[in-house]
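What follows is the residue order along each chain.
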Amino acid sequence: MDAESDHPVDVSVLVPAFNCRAYLDRCLTSLLVQRVSKEIIVVDDGSTDDSRSLLDLYARYHPNLTVIYQAHTGTPASGRNRALSRARGRYVYFCDADDYLGPQALEKLVAAADRTRADIVVGKVAGHGRKVPISMFRANADRITLLGSTVYNSLNCFKLFRRSLLDRHRIRFDETLRIGEDMEFTAHAYCHADVISVVADYDCYHLVAREDGTSLMQEPGSREPLSWLRMVRQPIRRVAEHVPPGALRDHLLLRHFTYDILAQLGEPFLGADESTREKIAIEVADLCAEWLTEGVRTRLSATDRARLASLTDPDRLVRLARVQTAPLRRRLTGLEWQDDRLLISGTVALAGFDGAVGLLLRERSRRTELTVPVTQVADLFSASVAVAGLATGVWDVFVAVECEGIRRIGRLGPDRERRGVSPVPRFTGGVVALPYLTRPYGNLSLDVGGHVMRVPASVRLTHSEWVERRLRVEGLVTVGGRPGASAVRRLVWRERRTGQERLENALATGSRAFVAETRPLGRGIWDAYLELDMGGPTARFPVKVTEPKALERTRIWWSGPVRWTARPYATAVGHRLSAAVRRTSVLGLARRWLRQWRR
């Protein structure tokens with residue numbers, strides 16, 4: 001492992017640039033404000049847009065910024081390799097000149113690498129007019145494996161790499177590739193990394209689409225299918241070179257077959273002429289013959305398996321591509337409860353095709369899927385969801401249409417009837433179900449258990465009385481307007497200044513009613529909350545006082561030479577149940593009496 005003292009800086013930030021004058025200032029400023037020891041190496045690939053004057057200006061005022069000029073090569077691989085050969089940092093980070101970093105990006109990435117001794121740290125990428133990978137950024141991870149995660153789906157080079165890893169294994173960019181050069185580089189690095197970490201709670205890298213569409217990946221034909229299929233052989237060969245046959249290799253190859261190879265039989269295939277379509281099918285068939293294992297085949301989607309079965313039938317490939325690209329029009333027209341079942345209705349049509357319609361529920365964290373049968377008449381459908389049978393979690397709602405062996409799915413909600421769709425919660429079987437529309441997109445989801453949505457529960461004090469020194473509290477609880485006593489768990493008293501808590505068991509005495517007894521509290525101001533378990537994370541709700549007569553009088557008792565006073569009361573704001581507990585010694589009482597006598 002590298003010693004920190006062996007390197008003059010923590011991070012070498014390497015920036016290939018070509019005709020990025022309009023974006024350079026934002027990029028370089030975002031790098032200079034990073035609060036780590038760093039050097040910035042910019043390699044200008046023969047820009048013709050006056051980038052040079054701005055780069056010279058930055059280099060003049062910032063000693064840690066170096067600019068290298070070279071003749072135009074047409075590929076960022078050359079500039080990255082040249083910058084890498086000059087790097088002195090413990091880590092290297094690649095940043096394109098039209099993108100930028102979040103202000104704390106390198107600080108967080110370096111901290112993660114130092115803490116976990118990671119060879120690669122994958123930081124969250126935010127897209128601005130560009131698609132970005134998201135599946136690997138659900139949570140931070142100190143140590144993940146390629147086999148046990150989706151991190152290999154992210155093959156861009158916008159990551160923090162330990163420089164000794166790159167040097168030891170001679171990992172460099174292939175300068176013969178004009179596109180996809182970072183895929184081969186990153187795949188090679190992944191194969192040798194002992195520890196991979198993920199920073200998912202901060203937007204480290206901002207991937208920007210140029211307004212004029214002049215970036216390399218925005219140019220027309222940058223994803224030309226035949227060129228892409230030939231390029232993808234490079235990362236696949238790297239994987240095969242360093243990963244033996246088996247589950248891990250199949251897992252990595254699955255990414256390439258799904259996103260790089262069989263994807264070319266979709267929209268790119270449809271946009272090609274007849275001669276090119278034949279060449280695409282032959283290229284895909286060659287890649288399959290060489291690299292498609294049974295372990296990969298069994299994990300392919302139904303759509304991709306249908307494409308594989310049709311490689312020798314161009315007409316069917318065209319039909320499949322048309323099904324895959326046809327507009328899926330859907331509209332949510334109704335959302336209502338029928339007893340304890342949620343009735344979802346709407347319209348759906350796959351333009352130009354007929355297919356079997358279904359409702360799909362997908363749990364957001366576990367990715368569990370559940371298909372709900374629908375009743376369909378023409379383009380109208382309705383489905384009844386038994387929410388009591390759903391596992392706790394957040395379920396996203398999709399409509400699915402299956403045609404020619406391909407399942408097309410789309411979220412319900414953005415297009416909807418404004419009057420007929422008003423989600424309301426329902427408490428049933430001890431579980432709260434909260435249909436809601438996401439923001440800002442308005443997609444329909446179902447929160448079972450109250451994981452992300454605020455649960456509309458109400459707790460009201462109906463009676464309180466002293467049982468010797470114990471305060472007995474009785475009340476009513478509703479969840480979503482329905483009786484909620486079955487969710488009652490504990491009465492929680494929280495001292496306002498210290499945060500100390502006293503937990504008392506609460507019992508349901510009816511469908512709405514509960515009761516709890518509180519042992520003597522210590523000195524302080526204590527606020528009362530009722531803790532409910534509604535199928536998800538436990539939630540606390542303040543006990544409201546709507547009737548002053550429900551409050552018990554002040555209780556006074558002696559414990560040796562100390563007098564205790566406990567006064568239940570309703571707060572002025574919110575009318576919440578609280579208790580003021582005071583402790584006074586005999587000496588204190590005498591002093592108080594003396595002050596009053598002197599007046």
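See the structure shown above.
Residues numbered from 1 in each chain as written. Predicted model: local features only at pLDDT ≥ 70, side-chain atom pairs only at ≥ 80, totals over all residues. Heavy atoms only, no water.

> So what's going on with the side chain of Asp-304? Which residues, and what values?
Tracing the chain through its elements places Asp-304 in helix H13 (residues 302-308). Excluding anything up to four places from it in sequence, Asp-304 contacts Thr-258 and Leu-262. (Helix = DSSP H or I, 4+ residues; strand = E, 2+ residues; numbered from the N terminus. Contact = heavy atoms within 4.5 Å.)

> So what about the sheet that holds strand S15 (residues 380-386)? Which residues, and what values?
The strand order across the open sheet formed by four strands is S10-S11-S15-S14, and the pairing between neighbours is antiparallel. Every interior strand has two partners, whereas the edge strands, strand S10 (328-338) and strand S14 (375-377), have only one. If you compare each strand with its neighbour and ignore which way they point, the axes differ by 20° on average. Pairing geometry for S10 and strand S11 (residues 341-350), over 10 bridges, is antiparallel. Across the sheet, the residue bridging to Glu-336 is Leu-343, located in S11. (Pairing = 2+ DSSP bridges. Axes fitted to C-alpha atoms, helices over the stretch in contact; angles between N-to-C directions.)

> Quick one: what's the story with helix H4 (residues 105-116), residue by residue and with numbers?
An ideal rise of 1.5 Å per residue puts 16 Å on 12 residues; H4 measures up with 17 Å between its terminal C-alpha atoms. Of the positions making up H4, those classed as buried are Ala-105, Leu-106, Leu-109, Val-110, Ala-112, Ala-113 and Thr-116. An end-on view of H4 places all buried positions within 160° of arc, on one side of the element. (Expected span 1.5 Å × (residues − 1). Buried < 20%, exposed > 50% of the residue type's maximum accessible area, 1.4 Å probe, protein only. Arc of directions from axis to C-beta.)

> Requested: an account of the pattern of salt bridges, with residues and values cited.
Any two side chains of opposite charge can pair, so long as their charged atoms come close to each other. Following the criterion strictly, the structure yields 42 salt bridges and no others. The salt bridge involving Arg-88 is made with Glu-39; its shortest N-O contact spans 3.0 Å. With Arg-88 in the loop between helix H3 (76-86) and strand S4 (91-94) and Glu-39 in strand S2 (residues 38-45), this residue pair connects regions lying 49 residues apart in the sequence. Given the relative accessible area of 7%, Glu-39 is considered buried. For the salt bridge of Arg-90 with Asp-114, the shortest nitrogen-to-oxygen distance reads 2.9 Å. With Arg-90 in the loop between H3 and S4 and Asp-114 in helix H4, the pair connects residues that are 24 residues apart, well separated along the chain. If you follow the salt bridges from partner to partner, you end up with Arg-490, Arg-494, Glu-501, Glu-531 and Arg-540 in one network. (Salt bridge = Lys/Arg side-chain N within 4 Å of Asp/Glu carboxyl O.)

> Tell me about the packing of aromatic side chains, residues and numbers included.
Tallied over the full model, the rule gives nine aromatic pairs. Consider the rings of Phe-94 and Phe-173, whose centres lie 5.2 Å apart with planes at 85°: the pair is edge-to-face. Here Phe-173 lies in the loop between helix H5 (163-168) and helix H6 (181-192) and Phe-94 lies in strand S4, a separation of 79 residues in the sequence. One exposure class covers both Phe-94 and Phe-173, and it is buried. Counting every residue linked through ring pairs, the aromatic cluster contains Phe-94, Phe-161, Phe-173 and Phe-185. Above the plane of the ring of Phe-173 lies Arg-80, whose end atom (NZ or CZ) is 5.2 Å from the centre. The lysine or arginine in question, Lys-108, covers the ring of Tyr-202, its NZ or CZ lying 5.4 Å from the ring centre. (Phe/Tyr/Trp six-rings, centres within 6.5 Å; stacked < 30°, edge-to-face > 60°. Lys NZ or Arg CZ within 6 Å of the ring centre and 35° of its normal.)

> So what's going on with the pairing of strand S3 (residues 65-70)? Residues and values would help.
Relative to S3, S2 runs parallel, the two being bridged by six bridges. Residue pairing across strands places Ile-41 opposite Thr-66, the latter belonging to S3. As a crossover connection, the stretch from S2 through helix H2 (residues 51-61) into S3 is right-handed. (Right-handed = clockwise from strand over helix to strand, strands pointing away.)

> Could you give me a rundown of unusual backbone geometry, with the residues and numbers involved?
The amide bond that connects Arg-439 to the next residue, Pro-440, takes the cis arrangement and shows omega of 5°. By secondary structure assignment, the location of Pro-440 is in the loop between strand S19 (431-437) and strand S20 (444-448). One non-glycine residue with positive phi stands out, namely Asp-339, at about 55°. Take Asp-339: it is sitting in the loop between S10 and S11.

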